Amino acid sequence: MSKSIKVKSALISVFHKDGLEPIVKKLNDLGVTIYSTGGTEKFIKDLGIDVVPVEELTSYPSILGGRVKTLHPKVFGGILGRRENQGDLSQLSEYAIPEIDIVIVDLYPFEKTVASDASEQDIIEKIDIGGISLIRAAAKNFKDVICVSSMKQYDEFLDIISKNEGTIEIEDRKNFAAKAFSVSSHYDTAIFKYLNQDAGEVEFRASFDQVSELRYGENPHQKGYFFGNLEALFDKLHGKELSYNNLLDVDAAVNLMNEFKGEAPTFAILKHNNACGLAQRDSISQAYIDALAGDPVSAFGGILIANTEIDVKTAEEIHKLFCEVVIAPSYQKEALEILKGKKNRIILIQKDIALPTSNYRTALNGVLSQEKDARTDRETDLNQATEKAPKQGEIDDLLFASKICKNTKSNTIVLAKNKQLLASGTGQTSRVDALNQAIIKANHFNFDLNGSVMASDAFFPFPDCVEIADKAGINSVIQPGGSIKDKLSIDYCNENDMSMVFTGTRHFKH
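The sections below set out a description of the structure shown in this document. (Residues numbered from 1 in each chain as written. Predicted model: local features only at pLDDT ≥ 70, side-chain atom pairs only at ≥ 80, totals over all residues. Heavy atoms only, no water.)

Remarks on the pairing of strand β3 (residues 33-36)
Alignment of strand β2 (residues 9-14) against β3, held across 4 bridges, turns out to be parallel. Looking at β3, one finds that I12 is bridged to S36. The β-α-β motif built from β2, the intervening helix α1 (residues 21-29) and the parallel element β3 has right-handed crossover chirality. As defined by bridge partners, β3 adjoins strand β4 (residues 52-53) across 2 bridges and the pair is classed as parallel. Paired with Y35 across the bridge in β4 is V52. What joins β3 to β4 is helix α2 (residues 38-46), and the crossover it makes is right-handed. (Pairing = 2+ DSSP bridges. Helix = DSSP H or I, 4+ residues; strand = E, 2+ residues; numbered from the N terminus. Right-handed = clockwise from strand over helix to strand, strands pointing away.)

Notes on the packing of aromatic side chains
In the structure shown here, the tally under the stated rule is 8 aromatic pairs. Over the ring of F176 we find K179, and its NZ or CZ is 5.9 Å from the ring centre. Just above the ring of F192 sits the side chain of R205; from NZ or CZ to the centre is 5.8 Å. (Phe/Tyr/Trp six-rings, centres within 6.5 Å; stacked < 30°, edge-to-face > 60°. Lys NZ or Arg CZ within 6 Å of the ring centre and 35° of its normal.)

Points about the sheet that holds strand β22 (residues 476-479)
Paired through backbone hydrogen bonds, the strands of a sheet run either parallel or antiparallel to each other. The mixed open sheet is built from 6 strands, whose spatial order is β18-β23-β22-β21-β19-β20. Looking at strand neighbours, the two that pair on one side only are β18 (383-384) and β20 (421-425), the edges of this open sheet. In this sheet, β20 lies alongside strand β19 (residues 413-416) in antiparallel orientation, the contact comprising 4 bridges. Along β20, the bridge assignment pairs V414 with S424.

Brief notes about the pattern of salt bridges
Within this structure, the stated rule accounts for 24 salt bridges. A salt bridge links K441 to D295, with the shortest nitrogen-to-oxygen separation between them at 2.7 Å. With K441 in helix α16 (residues 431-444) and D295 in the loop between α12 (284-293) and β13 (302-306), this residue pair connects regions lying 146 residues apart in the sequence. The class for D295 is buried, based on a relative accessible area of 2%. The residue K471 makes a salt bridge to E467 at a minimum N-O spacing of 3.0 Å. Within this pair, K471 and its partner E467 are both found in helix α17 (residues 464-472), separated by 4 residues, close to a single helical turn. Of the residues examined, E467 reaches a relative accessible area of 31% and is grouped as partly exposed. It is possible to trace a salt-bridge network through shared partners that takes in R83, E99 and D101. (Salt bridge = Lys/Arg side-chain N within 4 Å of Asp/Glu carboxyl O. Buried < 20%, exposed > 50% of the residue type's maximum accessible area, 1.4 Å probe, protein only.)

Overview of the packing of α17 against helix α18 (residues 486-495)
Close contact between α17 and α18 brings their axes to 9 Å; oriented N to C, the two are set at 20°. Relative to α18, the element α17 is oriented roughly parallel. Here α17 and α18 pass one another in a crossing that is right-handed. Where α17 approaches α18, its residues V466, E467, D470 and K471 are matched on the opposing element by S489, Y492 and C493. Split into classes, the residues belonging to the contact of α17 with α18 amount to 3 nonpolar, 1 polar and 3 charged. (Axes fitted to C-alpha atoms, helices over the stretch in contact; angles between N-to-C directions. Parallel < 35°, antiparallel > 145°, perpendicular 65-115°, else oblique. Left-handed = near helix turned anticlockwise from the far one by under 90°. Contact = heavy atoms within 4.5 Å. Nonpolar A, V, L, I, M, F, W, Y, C, P; charged D, E, K, R; others polar.)

Shown next as structure tokens:
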């Protein structure tokens, strides 16, 4: 395997021309023969630099409206020819095929075209054929060719050829080949996902072309990365970089607050993916104060999120608390300056974009994938299970509690009153344990449970939970129902003047 090559020829065919000029000029200074076609050829000519049209090389014009330009043996032979294989060299000579040492391609912007709501015909035309073929060919023959497969690689490539005056080492060629197949696989995944919207093939395909290295993973001894474009969802206004654990908590916060989108001012405080405080009020400042009251101990170092603009009064209250992240759709100017008073506090503006509709996670030696739990319990979903019907205020609290319950780790019980989270039992192996945990916590923070409501993420197999709730002062219950022993819980509620509604929907969260 040759360790280094001195480049003599290059084929350039790119969609985006930004950043290309210094590369073309450097290649010209090095005496490299440049082949090109279409808009790229014109761009190079306009720089006053000699360029050989691909059509001159192939003796064949661009056809089918530009769909076929570089797909020709005289192009691909020059890329795929093995320089140390005498048979390949003989054939290159026999058919007058020039060796091509550099291939620079930037593909048609397929994903951007899809995102622009373009017509299907426009989208299909942005499926690159020649470019992707050039990338694969050049990357396959990295022993003899370097493949620059994206405009994101222009600066690195320019540095290499400038530093070594056109000599490229095998390590660089192999590195760029890996990048090339990353580009091609991501491109093909995007095309598959677009076409599969109608085809409905059950396949797992995920690809992200942006990656951020995190300080560490869940713990300092673990490496961590985030794949995706956070800037599409947030504007980061202040603070340190988000950590692995921050991102998990922010994800939980965003999904929880999405339940209250467009509603009255609502504020939530989360810790370890679960809400430790949440309240809905006439003002965002009061919503924050009442959310904090739910558990002022756990709120320390938490993630704070609001469904409406944060004003000065709210910012002044928040500033008294040590918190990792604050998220809101907007901030009053003076409020933002107050929150910036802590240099490490992360301040995010959440943009109004659609959230993913599916979840996936590694499991054993594979991946689990599912549709996101997009069902939120509504008043029309409620089926009265007991003789006593809940009052309208209790119905409002039941639905409020159910939204929190859906976004809390199972097994969970949520207690609420007057649209305030009083306490929750989270991630317990027993539903009874979850309820007892919630009651103890509510009592610890001096909440009066009389007249409160209870939400459960799954049915009660026995009447023990409604009995415990009754004795704690809880008046009304919301749960999925569906146990073969539902009647036992219903009978207890009827005998003790409690109301209970079934939703028919379980909300496990593991």
